[in-house]
Amino acid sequence: MTQSLQPPRLRLQQFLMYGFLLLSALLSLFPFLWMVISSTNTTADINQGKFTIGSALLENIHKFATLVDLPLVFWNTAKIALLATGLTLLIASLAGYGFEVFRSRLRERVYQLLLLTMMIPFAALMIPLFTMMAKAGLLNTHWAVILPAIASVYIIFYFRQCTKAFPRELLDAARVDGVSEWKIFLFVYFPVMRSTYAAAFIITFMANWNNFLWPLIVLQSTEMKTINLVLSSLASAYFPDFGVVMVGTILATLPTVIVFFAMQKQFVQGMLGSVK
Amino acid sequence: MHKNNRNGFDRFYDVNGWAFVSLALGLIVLFMLYPIASSLWLSLHSGKGLVVKFVGFGNIIRLFHDPVFHTALWNTFIFLIIQVPIMIFLALITATCLNSPDLKWRGFFRTAIFLPCVTSLVAYSILFKSMFAYDGIVNSFFHMVGIIDQPIPWLSDPFWSRVAIIAAITWRWTGYNMIFYLAAMQNIDKSIYEAAKLEGVTPRQCFFNITIPLLKPVILFTSVVSTIGTLQLFDEPMNITAGGPANSTLTLSMYIYNLSFKFVPNFGYAATVSYVIVIFAALLALVQFKFAKERS
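Residues numbered from 1 in each chain as written. Chains lettered and ligands numbered in written order. Predicted model: local features only at pLDDT ≥ 70, side-chain atom pairs only at ≥ 80, totals over all residues.

Student: Tell me about the overall build of chain A, residues and numbers included.
Tutor: What chain A contains, in helices and strands, is 15 helices and zero strands. Each of the three principal axes of chain A carries a C-alpha extent, and together these read 80 × 70 × 35 Å. Counting across all 276 residues of chain A, residues that qualify as buried make up 44%. Within chain A, contacts between residues at least 6 apart in sequence are counted, and of these 77% link residues at least 24 apart. (Helix = DSSP H or I, 4+ residues; strand = E, 2+ residues; numbered from the N terminus. Buried ≥ 20, exposed ≤ 12 C-beta atoms within 10 Å, placed from the backbone. Contact = placed C-beta atoms within 7 Å.)

Structural data, given as structure tokens:
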């Protein structure tokens, strides 16, 4: 009896499940579609909710190009994101390796303390950081954005977790051969851990590319600004020119979307690193 | 002889250990520990710009009489209490669906739902601002399907602007949380579900009595992370509503920003407001820590 009742109920469940997933996927993708379509429309059309491809794309691009020095803005953003990411990876991997390979009771204590600092909200740091940067004469420079970003406890934690899987035999073999500790790190650890670096690279790069609040505070002049700052100021006008802004959001979103699709697996790996 | 050697190795080991971690430690002391301590010291001072005087707990007293602070605190809590549970519940359901065996187009669904997480907070906030315009696409759509007669004043009404921001944050972060749950679900032994199925347990019961209890640690972890994130909410209200209308979407972080960089700066008072966030974050961290300890 129950056997014959199962199939319709199962079918209803399947229907609900696919319906829910399809709706979620549509809602997730819709703003991307909206962004692309709106970049071809005039602001008046966008404000009217027009959802068909228009003919204003070239005009929007042209206006955007006259308002914004795009190569410079991209260069600023990429320079900050890449430098911050590179330095974060270097320093955090050294530390993660150090904490895991050279264990001592005191360093373990220090490490526990580091983990606690992960909970410190940035809002509580920004005023002293701002005064520090002002005193150091670094306001309105890219270093003011990069330096605080390098101190990433999360990435140290991530590297330490991944170092647990690093084969100790390699380390011992190199030590027996008399290779110095720094060379072991550089020529044994680094090549073996490439995928860990790739994952850490993606999450750090995205975080830095997307950073807004801190650059907003320290970068004041137009020629220093990153893409997010430029977009934010374009969109906060009393009557924002959305057609133009859409061109900008596409340009700001494209790099991270490309990185995501190119390295989807590592991205998810890096994200989940903290709960493993 | 042997003892000497041992000491030699220990020292070598220790020197290397500190050398490897020193750069990171230096940076963290300089850019995290020093600022957080300095901010506590600052919170005991008040004044305009660089002219400050010691006021002790004066700033804390001011907090109690500052209506804008109360509004910002209230708004932040509203966002937190409503948005975090909705998002976590949605993320759990999507993860459950995506984890069901023989699902078709799994890769497509997963990627689509996760994709919002790669957008910058500024870019997506602007997209939502344009979609929620008075005559914009969201109102046109609702009008078309007949849900509304009059356009909803999404960005100019205190209630609706909060709804718009909650919708935006949920869009951006649901997929992020989903990935954590999906990973955790894939670690659950499939035979538990098979046994439950044989016992005639419905999928709903499975979800509430098996999946959720087993995922408790991950749910707690993501809740704490999301809550701390929401406590610091800035980019979205800044770019969607600029805190308005009439401060109805002003958050604590925005208020700190305004106090220090928009109005005549009062760093001392702003630091006091920022310590309100620190205290809440610390309490949450404590909950997480207690729970993790209980488990182990």
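What follows picks up the thread again.
Student: Describe the overall build of chain B, naming the residues involved and giving the relevant values.
Tutor: Across its full length, chain B holds twelve helices and two strands. Secondary structure elements in chain B, listed N-terminal to C-terminal, are α-β-β-α-α-α-α-α-α-α-α-α-α-α. Against the compact-globule benchmark of 19 Å for 296 residues, chain B has a radius of gyration of 25 Å, which places it well outside the compact range. Looking at chain B residue by residue over its 296 residues, the buried ones come to 42%. Look at the contacts in chain B between residues 6 or more apart in sequence, and 70% of them connect residues 24 or more apart. (Rg over C-alpha atoms; globule rule 2.2 N^0.38 Å.)

Student: Give a description of the interface of chain B and chain A that names residues and reports values.
Tutor: Taken together, the contact between chain B and chain A spans 73 residues of the former and 69 residues of the latter. Considering every element that reaches the side of chain B that touches chain A, the biggest residue donor is helix α1 (residues 2-42) of chain B, with 18 residues. Class assignment of the residues belonging to the side of chain B that touches chain A gives a composition of 51 nonpolar, 18 polar and four charged. (Nonpolar A, V, L, I, M, F, W, Y, C, P; charged D, E, K, R; others polar.)

Student: So what about the packing of helix α3 (residues 67-99) of chain B against helix α7 (residues 158-185) of chain B? Which residues, and what values?
Tutor: Residue and element names in this part refer to chain B. At a minimum axis separation of 7 Å, α3 and α7 run at an interaxial angle of 40°. In this view, α3 runs oblique relative to α7, as classed from their interaxial angle. Taken as a pair, α3 and α7 cross one another with a handedness that is right-handed. Classifying every residue of the contact of α3 with α7 by side-chain character gives 19 nonpolar, six polar and one charged. (Axes fitted to C-alpha atoms, helices over the stretch in contact; angles between N-to-C directions. Parallel < 35°, antiparallel > 145°, perpendicular 65-115°, else oblique. Left-handed = near helix turned anticlockwise from the far one by under 90°.)

Student: Describe in detail unusual backbone geometry, supporting the description with residues and values.
Tutor: Residues and elements named next belong to chain B. A positive phi angle, close to 55°, is found at alanine 242, a residue other than glycine. Given 14 C-beta atoms within a 10 Å radius, alanine 242 is considered partly exposed. The backbone phi angle of asparagine 247 is positive, close to 60°, even though this residue is not glycine. Along the chain, asparagine 247 turns up in the loop between α10 (235-240) and α11 (252-262).

Student: Summarise the domain arrangement of chain B; cite the residues concerned and give the values.
Tutor: Each assigned domain of chain B is listed with its residue range as follows: domain 1 (2-42) and domain 2 (59-295). Taken over C-alpha atoms, the centre of domain 1 of chain B sits 37 Å from the centre of domain 2 of chain B. (Domains from an automatic or database assignment.)

Student: Can you break down the domain arrangement of chain A residue by residue, with the values?
Tutor: Residue and element names in this part refer to chain A. Segmentation of chain A into domains returns domain 1 (2-60) and domain 2 (68-272). The C-alpha-based centres of domain 1 and domain 2 are spaced at 33 Å. On the domain 2 side, the residues contacting the eleven residues of domain 1 number eight residues. Going through the elements one at a time, α1 (2-38) and α2 (43-47) are the ones with two or more residues in the side of domain 1 that touches domain 2. Along the lines of polarity and charge, the residues of the side of domain 1 that touches domain 2 split into four nonpolar, seven polar and no charged.

Student: Pulling in residues and values, what's your account of the nonpolar core?
Tutor: Looking at soluble globular proteins, one finds that nonpolar side chains tend to be buried together. Grouped together as the largest cluster of nonpolar side chains are 155 residues, with contacts concentrated most on A:Leu231 and B:Ala24. With residues up to four places along the chain from it excluded, the contact list for B:Ala24 reads A:Ile91, A:Ala92, A:Leu94, A:Ala95 and A:Ile156. (Core = buried A, V, L, I, M, F, W, Y, C linked by C-beta atoms within 7 Å.)

Student: Summarise the confidence of the model for chain A; cite the residues concerned and give the values.
Tutor: As a note on interpretation, predicted positions should not be read in detail where pLDDT is low. With 96% of its residues at a pLDDT of 70 or more, chain A shows a mean pLDDT of 88. Considering each helix and strand of chain A separately, the mean pLDDT is smallest for helix α15 (residues 264-272) of chain A, with a value of 78, and largest for helix α7 (residues 142-150) of chain A, with 95. (pLDDT = per-residue confidence, 0-100.)

Student: So what's going on with the environment of B:Pro85? Which residues, and what values?
Tutor: Summarising the element assignment, B:Pro85 is placed in helix α3. Note: C-alpha distance between B:Pro85 and B:Leu73 (twelve residues apart in sequence) is 19 Å.

Student: Outline the packing of helix α11 (residues 194-209) of chain A against α15(A), supporting the account with residue identities and numerical values.
Tutor: All names here are of chain A. Two elements in contact, α11 and α15, have axes whose closest approach is 8 Å; the angle formed by their N-to-C orientations is 80°. Overall, the two elements α11 and α15 adopt an arrangement that is roughly perpendicular. Between α11, through Ser195, Ala198, Ala199, Ala200, Ile202 and Ile203, and α15, the contact on the second element is made entirely by Gln266, Phe267, Gln269, Gly270 and Met271.

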